[in-house]
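Descriptive analysis of the structure
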Amino acid sequence: MTNERDDYLWDRSGERDRDVVRLEGLLARYRYDAARDPGLGGKPRLRQPILRRPSVRAVLLAAGVLLGLGLWRAFGPRGERPGYEVSGGADVSRVEVGEHLETGAASALLRVAGIGQVRIDPSSRLRVDGIAADEHRLFLERGSVHATIFARPREFQIGTPAGLSIDLGCEYELSVDDAGRSTMTVTSGRVEFAGGGRRVVVPAGATCQATRESGPNVPVRVGADPRFVAAVRALEHATELDSGDVTTLVEADVSANSVTLWHLFLNATSPDLRAQMYDRLATRYPPPQNVDAGALRRGEPGQLAAWRASIEGEWSWYGD
Amino acid sequence: MSFNTFVATSPQAAAALAQRSSWLTARSADALAREPAEGERDADFALVAAARAGQREAFARLYERYVPFVHGVVLARARSSDVLDLVHDVFLTALRRLGDLHDARQFGPWLATIARNLASDAHKRRREVLELVDEPRARASDADGDAEEARRALAALRELPDAYRETLVLRLVEGLSGPEIAERTGLTPGSVRVNLCRGMKLLRERLGLPEA
């Protein structure tokens, strides 16, 4: 079946096949074009509003539907600014920088071409704060969203009244209640949340809440023992420690709860509690060599990097 | 830090990018005539393993290496105006399910399966009230009639049997060589060669071209 005359079709060796060459030339216009794909750092791809597609206009006109000049002006020049297409139950079909979208009884889907998508749940209100080649910034005023992000770390951010979530990759839910409190649950990857002078990294399978006043609290595993969670909440801002709560933390499995113990070590108000968390973590994650052990125990930032890498490196990206 | 700054300041990233560039942009006959190098397969295996371990830059490298391939698989089944969105969906799905991929060497065939399924689902869901014509990108160098001829050629490609359609799209549209198609899809080189030859024979008939 195959012979040397097929060599050019196979791997472009041998004598050139005239028809194959002709077809390659004609069909190249359909080839993947990196310049048009924002996934490689180009400008965000702007889908033409459907009424601007020439073929659709032609059919509508042929069917006797007239497009008014006002409708043309509404969709024409505005469509040139960066924005996102929206489908589903939102009040708009496209949202640009500075604009809001609001959902009613149904959810909506916001497609961020080249980097991911955001599902906006019913009764939510979202604002677009900025769009650039390597930065996408949204603000969730109320309601909840489910983001699946495939961009490079830190390219995608969602602000809330209680703080800023920064995508480190790649799937999470974020909600804001009527009091402005935020809840974030990460399904895969990890997300940074910063506010109120605090910063936490929430890995897959963990959740945290945040308020305007105090920023994010210490993340806990989804499904963690309620007594453990209660002890964490009682202790993280406490200056005087309840011994029963401390015992609950000390007896908890270090590996399974490392995300919580690590953030307590970093953020707890009580130096005594931070020291106890250091001791617990050190039983599972030996502190690095050649660092000032005392400074590390006190949580001095300059000493933390290597230890942070060994602890955070064990957090699953897939929630298992 | 932007991607370009990351590349500019990281020797490893620059080396990976140079490797990507030589694979992605060098469509010369010499470049396509060779088999995929052992080094490239090892690089892919390492990238998949790194991406599964959570290294996002590794996934970005995989995107760059495989996007033309996924683009071709999707183009064989979907309207060209839908292809980029579907390609985007393929990689989103792959990112979500990467933990399910147990053998990193099967990344290409695994990705192709996701692409075929999503493209087929999109095709089934599509119910157009208005007939939207699949328009190729016009080019300044186009001779009269080239755009129409290109549209006819793509339409004829899409009407070919499954086994030939995808292979020919990857070869004639995306410019992958037969050995590269075999590596990406997991098919044997022999099967790919047969698909190319039989598919091209059918395509000639449908386009009214004389037999080679």
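Looking now at the overall build of chain B. Within chain B, the regular secondary structure consists of 11 helices and 0 strands. When the elements of chain B are put in sequence order from the N terminus, they spell out α-α-α-α-α-α-α-α-α-α-α. Looking at chain B as a whole, 52% of its 212 residues are labelled buried. A separation of at least 24 residues holds for 66% of the contacts in chain B among residues at least 6 apart in sequence.

For the rest of this paragraph, the subject is the overall build of chain A. Along its length, chain A carries 10 helices and 13 strands. Counting all 320 residues of chain A, 48% fall into the buried class.

Our focus in this paragraph is the packing of helix 5 (residues 56-75) of chain B against helix 9 (residues 162-173) of chain B. A pair of packed helices is captured by two measures, namely the crossing angle of their axes and the spacing between those axes. Residue and element names in this part refer to chain B. Axis separation between helix 5 and helix 9 bottoms out at 8 Å; the angle between their running directions is 130 degrees. Judged by the angle between their axes, helix 5 and helix 9 are oblique. In the crossing of helix 5 with helix 9, the sense of the turn from one axis to the other is right-handed. Every residue of helix 9 that contacts helix 5 at Phe69, Gly72, Val73 and Leu75 is listed here: Glu166, Val169, Leu170 and Val173.

Here we take up the environment of Gly195 of chain A. All names here are of chain A. Following the sequence through the fold, Gly195 ends up in strand 9 (residues 182-195). As a C-alpha pair, Gly195 and Gly215 span 20 residues in sequence and 4.3 Å in three-dimensional space. Leaving out residues up to four positions away in the same chain, Gly195 has contacts with Ala162, Gly163, Ser214, Gly215 and Pro216.

Residue and element names in this part refer to chain A. As a packed pair, helix 7 (residues 258-267) and helix 10 (residues 305-312) sit with axes 11 Å apart at the nearest point and diverge in direction by 155 degrees. Classified by the interaxial angle, the pair formed by helix 7 and helix 10 is roughly antiparallel. As helix 7 packs across helix 10, the resulting crossing turns out to be left-handed. Here helix 7 contributes Trp262, Phe265 and Leu266 to the contact with helix 10, which in turn contributes Trp307, Arg308, Ile311 and Glu312. When the residues that make up the contact of helix 7 with helix 10 are grouped by side-chain class, the tally is 5 nonpolar, no polar and 2 charged.

Residues and elements named next belong to chain A. Mapping Arg198 onto the fold places it in strand 10 (residues 198-203). Taking the relative accessible area as the measure of exposure, Arg198 reaches 11% and is therefore buried. From its side chain, Arg198 meets the backbone oxygen of Pro216 in a polar contact 3.3 Å long. The contact partners of Arg198, leaving out residues within four places of it in the chain, are Phe193, Ser214, Pro216, Asn217, Val218, Glu236, His237 and Asn267.

All names here are of chain A. You will see that Arg12, though not glycine, has its phi angle at about 65 degrees, which is positive. As for its position among the elements, Arg12 is in the loop between helix 1 (7-11) and helix 2 (18-27). Residue Arg12 is classed as buried on the basis of its relative accessible area, which comes to 13%. One non-glycine residue, Ser123, lies in the positive phi region at around 60 degrees. Within the element layout of this structure, Ser123 appears in the loop between strand 4 (116-120) and strand 5 (125-132).

Quick look at helix 8 (residues 271-284) of chain A now. Residues and elements named next belong to chain A. Helix length check: helix 8, at 14 residues, gives a terminal C-alpha distance of 21 Å against a target of 20 Å (1.5 Å per residue), a fit within 8%. All of the buried residues along helix 8 are Leu273, Ala275, Met277, Tyr278, Arg280 and Leu281. In this structure, the buried side of helix 8 is in contact with helix 5 (226-235), helix 6 (243-251), helix 7, helix 9 (293-297) and helix 10. At the N-terminal end of helix 8, a side-chain oxygen is found 3.2 Å from the backbone nitrogen of Asp272, two or three residues along, and the residue is Ser270.

For the coordinates displayed, the defined rule picks out 10 aromatic pairs over all chains. Between Phe107 of chain B and Trp110 of chain B, the ring centres sit 5.9 Å apart and the planes meet at 40 degrees, which makes this aromatic pair tilted. Of this pair, Phe107 of chain B and Trp110 of chain B are both found in helix 7 (residues 107-125), 3 residues apart, which corresponds to roughly one turn of the helix. The same class applies to Phe107 of chain B and to Trp110 of chain B, which are both buried. What links up through ring pairs into an aromatic cluster is the set Trp262, Phe265, Tyr278 and Trp307 of chain A. The cationic tip of Arg127 of chain A hangs over the ring face of Phe139 of chain A; the distance from NZ or CZ to the ring centre is 4.5 Å.

On to helix 7 of chain A. A large share of helix 7 of chain A lies buried, amounting to 9 of its 10 residues. Of all the residues in helix 7 of chain A, the buried ones are Ser258, Val259, Thr260, Leu261, Trp262, His263, Leu264, Phe265 and Asn267 of chain A.

Counting 67 residues, the largest nonpolar core has Val74, Phe91 and Leu203 of chain B as its most contacted members. Looking at this core element by element, the count peaks at 11 residues for helix 5 of chain B. Apart from the residues within four sequence positions on either side, Phe91 of chain B is in contact with Phe150 of chain A together with Phe59, Leu62, Tyr63, Tyr66, Val67, Val70 and Leu111 of chain B. Counting 35 residues, the second-largest nonpolar core is a separate cluster that includes Ile131, Ala147, Leu174 and Val176 of chain A.

What follows is about the confidence of the model for chain B. All names here are of chain B. Predicted confidence across chain B gives a mean pLDDT of 76, with 70% of residues reaching 70 or more. Segment residues 1-36 is flagged for pLDDT under 50; beyond a separation of four residues in sequence, or across chains, it makes 54 contacts in the model. In this model, residues 127-133 is a region of pLDDT below 50 whose contacts with residues beyond four sequence positions or in other chains number 12 contacts.

Right, let's talk about the pairing of strand 6 (residues 135-149) of chain A for a bit. All names here are of chain A. Taking burial as the measure, the 15 residues of strand 6 include 11 buried ones, the bulk of the element. With 5 bridges connecting them, strand 4 and strand 6 associate as antiparallel partners. Residue Val118 lies in a different strand from strand 6, and its bridge partner there is Ala147. Hairpin remark: strand 5 followed by strand 6, antiparallel, with 2 residues in the connecting loop. One ladder, built from 4 bridges, connects strand 6 with strand 7 (residues 156-160); its direction is parallel. Counted as the bridge partner of Phe139 is Gly159 from strand 7.

So, about the pattern of salt bridges. Think of it this way: side chains of opposite charge can pair up when their charged atoms draw near. All names here are of chain A. Counting across every chain of the model gives 35 salt bridges over all chains. A salt bridge links Arg125 to Glu102; the shortest N-O distance between them is 2.7 Å. Of this pair, Arg125 sits in strand 5 while Glu102 sits in strand 3 (residues 100-112); the two residues are 23 residues apart in sequence, bridging distant segments of the chain. For Arg125, a relative accessible area of 24% gives the class partly exposed.

What counts and what doesn't
- Along each chain, numbering runs from 1 in the same order as the chain's sequence is written.
- Here every chain gets a letter starting at A, and every ligand a number starting at 1, in the order they are written.
- Residues qualify for local features only when their pLDDT is at least 70, as the model is predicted, and side-chain atom pairs are given and counted only at 80 or more; totals for whole chains, interfaces and linings, by contrast, use all residues.
- Heavy atoms throughout the structure, all of them, feed into the side-chain values; hydrogens and water do not.
- To qualify as a helix, a DSSP run of H or I must reach at least 4 residues; to qualify as a strand, a run of E must reach at least 2; elements of each kind are numbered from the N terminus.
- When accessible area is computed with a 1.4 Å probe and restricted to protein chains, residues below 20% of their type maximum are described as buried, those above 50% as exposed, and intermediate ones as partly exposed.
- The criterion used for residue contact is that any of the two residues' heavy atoms lie within 4.5 Å.
- Orientation is described by lines fitted to C-alpha atoms, with helices fitted over the stretch in contact, and by angles between N-to-C directions that extend from 0 to 180 degrees.
- Each angle receives one of four descriptions, namely roughly parallel if under 35 degrees, roughly antiparallel if over 145, roughly perpendicular if within 65 to 115, and oblique otherwise.
- The crossing is said to be left-handed when, going from far helix to near helix, the turn is anticlockwise and less than a right angle, and right-handed when the turn is clockwise.
- Gly is put with the polar residues, along with every residue not named as nonpolar or charged; the nonpolar set is Ala, Val, Leu, Ile, Met, Phe, Trp, Tyr, Cys and Pro, and the charged set is Asp, Glu, Lys and Arg.
- For this analysis, a polar contact is any N or O atom pair within 3.5 Å, provided that within protein one partner can donate a hydrogen and the other can accept it, and provided that sequence-adjacent residues contribute only side-chain to side-chain pairs.
- Multiplying 1.5 Å by the residue count of a helix minus one yields the expected span of that helix.
- Two rings from Phe, Tyr or Trp (for Trp, the six-membered ring) form a pair when their centres sit within 6.5 Å of each other. Planes less than 30 degrees apart are called stacked, planes more than 60 degrees apart edge-to-face, and all others tilted.
- Working rule: Lys NZ or Arg CZ, within 6 Å of ring centre, within 35 degrees of ring normal, means a charge sits over the ring.
- Among the buried residues, those of types Ala, Val, Leu, Ile, Met, Phe, Trp, Tyr and Cys that are joined through side-chain atoms within 4.5 Å form a nonpolar core.
- Each residue gets a pLDDT score, which is the predictor's confidence in that residue and runs from 0 to 100.
- Here, a strand pair is defined by DSSP locating no fewer than two bridges between the strands.
- Put simply, a salt bridge is a Lys or Arg side-chain nitrogen that is within 4 Å of an Asp or Glu carboxyl oxygen.

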